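Summary of structural features
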Amino acid sequence: MVANAIQSSVHMTTDPTYQTALQQYDRAVTHLKLPEGLVEFMKWPRRELSVNFPVKMDDGSIRVFSGYRVHHSTVLGPTKGGIRYSAHVNLDEVRALAMWMTWKCALVNLPYGGAKGGVVVEPKSLSLGELASLTRRFTSELILLIGPNVDIPAPDMGTNAQTMAWMMDTYSMTVGYSVPAVVTGKPVNIGGSLGREEATGRGTIVCMLEALRHKGITSSPKDISVVVQGFGNVGSFAAQRAYDLGFKVVAVSDVTGGYYNPHGLNIPAMREYTNRSPRRTLEGYKGDCDQITNAELLELPCDVLIPAAMEGQIRGDNASRIKAHLIVEGANGPTTPEADDILDDRGIMVVPDILANAGGVTVSYFEWVQGLQEYFWDEDEVYRRLERILVRAYESVVSTQEQYGVNLRNAAQITAINRVAQATITRGIYP
Ligand code: NAD
């Protein structure tokens, strides 16, 4: 009865990201012979917190912000997931992202459940001081839910290492002693891990290499063209890593538009440009390239497309025009289920988000482990362990794909959901 009520209310969601996450789940569980109640239990968030809180702005005025934290699953361990600052954040989007974190952690065998949080704010419209006040007040609103053994936030869109430093400091001031392991993605000088900043983008390229190998593509990297949408934490490091390995990165984009050169872009120069630009965008970049729109960028002829900006970019209305042979999802939820079907029919392989961007949470886990042990690894060790975990996860997805005869997205979801299901069965239903 209760389950039916939850189901009908959530089915009424109009949020396309949550619709995508729920549909992907429904598709995957049909392949697993699990008890109906278990299927229902794993689908919905364990707990959710919505807060409205005031922040004093630089001009003395008070603005009220809304924020959310959702714990989707606590079956495999404490919850883990990023905090997003964006004007578009809403509770359903956070629910979707928390659910994907559950599957992602399970897929790479991390001892975590999934969580996500967000504040409805355009971070670029706030001064540094206002951002600090907002972050500190939001952290104090979340204090009931977070902790190094309970729920460990990390950066996501619109947040970064500085945001995590403010969160860690606020939590530590409240409990009275320093607790570096309450967040990951911190600056290295307060207990962050080497390699965390570039981990997601680097992991995306590890998955791209695995996918090329599985597809039997043996061309030299310089003959393989790569397009990257989004030039933030994930996109810029993915583009840089591909460039460093000798791939021809022919186009990148950010919120200001796309930049294209069929002979290859100078990615280090573009990264330097964004690092110097006040809003950290590519706007006004005058290198050797043509300006295109984000819509044009997605449809460019290329070997590999890496959507690394946001959700819902490859949809029913543009999937038939995608010309890439391989899509590696740096972002969460960039492809809708309708687009998945079209890409499947067209033989375009998609390495799904919960695998292709799991590098971030994997190195977050390394950071948490290093923090708890107070023993820190060098960068080579971080990268070596990261690669081993991602390659192993990729292999497990391929083996599920062969077993069930499904695409990589279904295979990744089936693998992850089954791990959470088996752990739930082993733990039993309380009481
Ligand atoms: P970010 O804020 O650092 O960068 C986002 C980038 O996307 C920016 O370059 C921005 O200009 C661009 N962008 C925004 N709107 C756009 C639009 N309409 N068209 C094209 N580009 C646009 O965020 P991020 O941390 O790089 O996250 C990107 C995606 O990766 C998100 O889906 C996030 O959930 C996912 N992700 C991030 C991490 C991480 O460690 N940061 C880990 C896993 C997944």
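Residues numbered from 1 in each chain as written. Predicted model: local features only at pLDDT ≥ 70, side-chain atom pairs only at ≥ 80, totals over all residues. Heavy atoms only, no water.

Let's shift gears to the sheet that holds strand S8 (residues 257-260). If you trace the seven strands from one edge of the open sheet to the other, you get S9-S8-S7-S6-S10-S11-S12, paired in mixed fashion. Edge positions in the sheet fall to strand S9 (290-292) and strand S12 (349-351), since each has one partner strand and no second. Adjacent strand axes in the sheet meet at a mean angle of 20 degrees when their direction is disregarded. As paired strands, strand S6 (residues 225-229) and strand S10 (residues 304-307) are joined by four bridges and run parallel to one another. Looking across to S10, one finds that Val 227 is bridged to Leu 305. Across the sheet, helix H8 (residues 233-244) touches S6 and strand S7 (248-254), and the angle it forms with S7 is around 170 degrees. (Pairing = 2+ DSSP bridges. Helix = DSSP H or I, 4+ residues; strand = E, 2+ residues; numbered from the N terminus. Axes fitted to C-alpha atoms, helices over the stretch in contact; angles between N-to-C directions. Contact = heavy atoms within 4.5 Å.)

On to the packing of aromatic side chains. In the structure shown here, the tally under the stated rule is 10 aromatic pairs. Every member of this aromatic cluster is reached through a ring pair, and the members are Tyr 112, Tyr 365, Phe 366, Trp 368 and Trp 377. Here the basic side chain of Arg 271 rests over the ring of Phe 237, its NZ or CZ set 4.5 Å away from the ring centre. When the ring centre of Trp 377 is taken as origin, the NZ or CZ atom of Arg 385, which lies over that ring, is 4.3 Å away. (Phe/Tyr/Trp six-rings, centres within 6.5 Å; stacked < 30°, edge-to-face > 60°. Lys NZ or Arg CZ within 6 Å of the ring centre and 35° of its normal.)

Time to look at the site of the ligand. Close contacts around the ligand come from 22 residues, with Arg 84, Asp 156, Thr 200, Val 234 and Asn 332 the closest. Phe 231 has a polar backbone atom sitting 3.0 Å from an oxygen atom of the ligand. Val 234 has a polar backbone atom sitting 2.9 Å from an oxygen atom of the ligand. Contributions of two or more residues to the shell around the ligand are made by helix H7 (196-214) and H8. Split into classes, the residues belonging to the shell around the ligand amount to eight nonpolar, 10 polar and four charged. (Near = heavy atom within 4 Å. Polar contact = N/O pair within 3.5 Å; in protein donor to acceptor, adjacent residues only side chain to side chain. Nonpolar A, V, L, I, M, F, W, Y, C, P; charged D, E, K, R; others polar.)

Looking now at empty space enclosed by the protein. Counted according to the given criterion, the structure contains one cavity of 30 Å³ or more. Approximately 50 Å³ is the volume attributed to the largest cavity. At the level of secondary structure, the elements contributing two or more residues to the lining of the largest cavity comprise helix H2 (16-29), helix H11 (337-345) and helix H15 (408-427). Of the residues in the lining of the largest cavity, the class split is one nonpolar, three polar and three charged. (1 Å grid on protein atoms, 1.4 Å probe; cavity = no way out; pocket = protein on both sides within 12 Å on 5 of 7 lines; lining within 4 Å. Points joined across faces, edges and corners; volume = space filled by probe spheres on them.)

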